[in-house]
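Coordinate inspection notes
Each chain, letter by letter, is given below.
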Amino acid sequence: MNGCTTGKATAEAPLPVEQAQLTAPPLVPPPISRKGPAKVVVDLEMVEQEMRLSDGVTYEFWTFGGTVPGSFIRIREGDTVEFHLKNRHDSHVAHNIDLHAVTGTGGGAEATFTLPGHKTQFTFQALNPGLYVYHCAMAPVGMHIANGMYGLILVEPEEGLPPVDREYYVMQGDFYTEGDHGAPGLQPFSLEKAVDEHPTYVVFNGSEGALTGEGALTANAGDKVRLFVGNGGPNLVSSFHVIGEIFDRVFYEGGSKYQENVQTTLIPAGGAAMVEFTTEVPGNFILVDHSIFRTFNKGALGILSVDGEMKPEIYTGQQFSGEYPEAEGGR
Amino acid sequence: MKGKGSWIPLLCVLSTAVLANEYVPLPGGPFHSSLRFGNGGDKGVVAGYQLMSKPVREVEFLAFVETHPQWRRDRIPGLFADAGYLSHWESPLAPHPGTLNFPVTRVSWFAADAYCRARGARLPTWLEWEFAAAADAHQTDARDDADRRRRILTVGTPGAHRAAGESEPNVYGVHDLHGLVWEWPWDHAGMMAAADNRNVDTESPLRYCGGSALAFSDRRDYAVIKRVALLSALSARTTLFNLGFRCAKELP
Ligand SMILES: [Cu+2]
């Protein structure tokens, strides 16, 4: 949309108006090229629907925008955001949204108590840059989050983020089902396991395998990659790590400061981090929660598949494999 | 608005016709609500009352709008119902023939209240609804049964995909309190009021994270929490595809 202001509209702030472009994970909207603030209209619909949780396993997810995590929202520091929240007609409960990027009561939650078939609206100004979690905060809030009602909103600093070659959206979540891990069919939510904090599944982007096979993230050797990593919880803290990579920079907790040369970064439930690294060599790089049983047994595994020329000066791959004589150790 | 209407004494016609939606007596008694009331009402006593054994069905509501045309969807003032009121019917006097025995939904509190008053009854209070809904087929208060709790939370209330009265009745003979539709209580608007007043710093305890735990005396009864969160959001003219009602009245 253009930002035509005629000068007649004196009551309105003379901000250009634009519709926010939302993306489903693992995609991220393009960087903001504007040099000044705008009024950004966000339209988000809350949808309850059965989707895949693992092979042969489905779950009745509650979502922002039909995906887990919900649609990625990208705005700029100083923007005024007019937020329109819809709750689809076939939803069976009310929902709302608490955006951690909002300064104001409930982060917007009190303004967006939205019944099925209804819509609500509120406006906020993005005062602080950073990467923020949003989530549903309706009672019982744990259940709404456990069912997948969370996502990320990026507030770019005024000067923007340094350009990179690839940006991706990855969000961890823990899920609690009546059946054991792998038990087939539509799995109901287990309140007992949720209260006890014993998840059946811990996954990236809403299902086991969402970031593997066809869904793997891709890059070319030499690319600068930025991951927007969130943790919806509801319970677990993530020890986020990419096997075979070192994060050049981690904007820990989604804030403005960065740490350099990081192996594993802690992402709190209801928190986020931006991690940046350059892919030097080709290969499959595995995204994990380094609380590693979650990766091996509960699904917290994704793949970044990097194409390109081998660089043996950086990494050779295997140079030798064979037996060594028992006596060689000279014991 | 919520004043008592004239209570027309019902000349009870004993009929076994399929259409009959009978009232069953509930004895009342001491009852712990899962909802925390500021005045201590969560540990109160529920007086005896009668409750419809099933939610009001479309065929019954049709009979009502035929005789009370001011409640037809094409005549009802916007003050008393939102645009969704009976919008799923084929015409103002024609529900879908296949769903005549489904619970009527997309009715506002005003319409539900008018229906019950026209039948010499009233909407049940939340506490009366909760008292009846605590029972299962074997005991009057089955809320501690973990399996049942799990089941109730799982079936949720997807909304009237079957006829009313097909589920097993509870010990009082009441059907469908769980797993069919949400139901209007008389006092939906005041449900959280007491808790609000007591906790001035958590003005709207259900509306966001932190406060909501304060509103419930049983924080593991998620089926009730889900329901109350929805009911407390309703205004009296709201209609939802999965929100119906049943009526109550005093014991004879
Ligand atoms: Cu929700």
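Preceding this paragraph is the structure being described.
Residues numbered from 1 in each chain as written. Chains lettered and ligands numbered in written order. Predicted model: local features only at pLDDT ≥ 70, side-chain atom pairs only at ≥ 80, totals over all residues. Heavy atoms only, no water.

A short note on the environment of threonine 140 of chain B
You can see threonine 140 of chain B is positioned in the loop between α3 (126-133) and α4 (146-155). The sequence separation of threonine 140 of chain B and arginine 73 of chain B amounts to 67 residues, and the corresponding C-alpha distance is 39 Å. (Helix = DSSP H or I, 4+ residues; strand = E, 2+ residues; numbered from the N terminus.)

Some remarks on the nonpolar core
Core analysis: the biggest nonpolar cluster contains 124 residues, and Phe83, Leu99 and Phe124 of chain A together with Phe61, Tyr85 and Phe245 of chain B have the highest contact counts within it. Leaving out residues up to four positions away in the same chain, tyrosine 85 of chain B has contacts with Phe61, Val65, Trp71, Arg72, Arg73, Ile76, Arg106, Val107, Ser108, Ala111 and Thr239 of chain B. In this structure, Leu211, Val250, Val262 and Ile267 of chain A belong to the second largest nonpolar core, which totals 26 residues. (Core = buried A, V, L, I, M, F, W, Y, C linked by side-chain atoms within 4.5 Å. Buried < 20%, exposed > 50% of the residue type's maximum accessible area, 1.4 Å probe, protein only. Contact = heavy atoms within 4.5 Å.)

Quick notes on the state of the cysteines
Residue and element names in this part refer to chain B. A complete count under the given rule lists 1 disulfide over all chains for this structure. In this model, cysteine 116 is linked to cysteine 247 through a disulfide, with the two sulfur atoms separated by 2.1 Å. Its S-S torsion of approximately -85° makes the covalent link between cysteine 116 and cysteine 247 left-handed. Placement of the pair is cysteine 116 in helix α2 (residues 109-118) and cysteine 247 in the loop between β6 (243-244) and β7 (248-249), with a sequence separation of 131 residues. By the burial criterion, cysteine 116 is buried, and cysteine 247 matches it. (Disulfide = S-S within 2.5 Å.)

A closer look at the sheet that holds strand β15 (residues 238-243) of chain A
Residues and elements named next belong to chain A. Taking strand neighbours across the sheet as the criterion, the 5 strands line up as β13-β21-β20-β15-β18 in an open arrangement whose pairing is mixed. Edge positions in the sheet fall to β13 (217-220) and β18 (264-267), since each of these pairs with one other strand and no more. Each strand of the sheet is rotated relative to its neighbour by a mean of 20°, with strand direction disregarded. Inspection of the sheet shows strand β20 (residues 283-289) paired to strand β21 (residues 301-307) by 6 bridges, in the antiparallel sense. When the sheet's bridge partners are listed, phenylalanine 285 is paired in β21 with leucine 304. (Pairing = 2+ DSSP bridges. Axes fitted to C-alpha atoms, helices over the stretch in contact; angles between N-to-C directions.)

Focus on the coordination of the copper ion
All names here are of chain A. Taken together, His95 (ND1), Cys136 (SG), His144 (ND1) and Met149 (SD) make up the protein donors of the copper ion, found 2.0 to 2.4 Å from the metal. Viewed at the metal, the 4 donor atoms of the copper ion are separated by angles of 88 to 133°, and the geometry they form is tetrahedral. All donors of the copper ion come from a single chain, and their spacing in sequence reads H-x40-C-x7-H-x4-M. On the basis of relative accessibility, which here comes to 0%, the residue methionine 149 falls in the buried class. (Donors = N, O, S within 2.8 Å, 3.2 Å for Na, K, Ca; no water. Tetrahedral: all angles 85-135°; square planar, octahedral: opposite > 155°, others 65-115°.)

Overview of the interface of chain A and chain B
Across the boundary between the two partners, chain A contributes 29 residues, which contact 26 residues of chain B. When chain A packs against chain B, close to 2,400 Å² is buried across both sides, 70% of that on carbon and sulfur atoms. It is His92, Phe113 and Leu191 of chain A that lose the most area in chain A upon contact with chain B, and together they represent 24% of the buried surface on that side. Summed over the shared surface of chain A and chain B, the number is 2 salt bridges. The salt bridge partner of arginine 150 of chain B is glutamate 192 of chain A, with a shortest N-O separation of 3.3 Å. (Buried area = accessible area lost by both parts, 1.4 Å probe. Salt bridge = Lys/Arg side-chain N within 4 Å of Asp/Glu carboxyl O.)

Here we look at the packing of aromatic side chains
Aromatic ring pairs are described here by two measures, namely the spacing of the ring centres and the angle between the planes. Per the stated rule, a full pass over the model turns up 25 aromatic pairs over all chains. Look at phenylalanine 204 of chain A and phenylalanine 240 of chain A: their rings are 5.9 Å apart centre to centre, the planes differ by 90°, and that puts the pair in the edge-to-face class. Residue phenylalanine 204 of chain A is found in strand β12 (residues 201-204), and its partner phenylalanine 240 of chain A is found in strand β15; the two are separated by 36 residues along the sequence. Accessibility assignment for this pair places phenylalanine 204 of chain A and phenylalanine 240 of chain A in one class, buried. Centre to centre, the rings of tryptophan 126 of chain B and tryptophan 129 of chain B are 5.5 Å apart; their planes meet at 20°, and the pair counts as stacked. Note that tryptophan 126 of chain B and tryptophan 129 of chain B are positioned in helix α3 at a spacing of 3 residues, about one turn of the helix. Per residue, the accessibility class of tryptophan 126 of chain B equals that of tryptophan 129 of chain B, and both read buried. Cation over ring: arginine 249 of chain A sits above tyrosine 258 of chain A, and NZ or CZ is 4.1 Å from the ring centre. (Phe/Tyr/Trp six-rings, centres within 6.5 Å; stacked < 30°, edge-to-face > 60°. Lys NZ or Arg CZ within 6 Å of the ring centre and 35° of its normal.)

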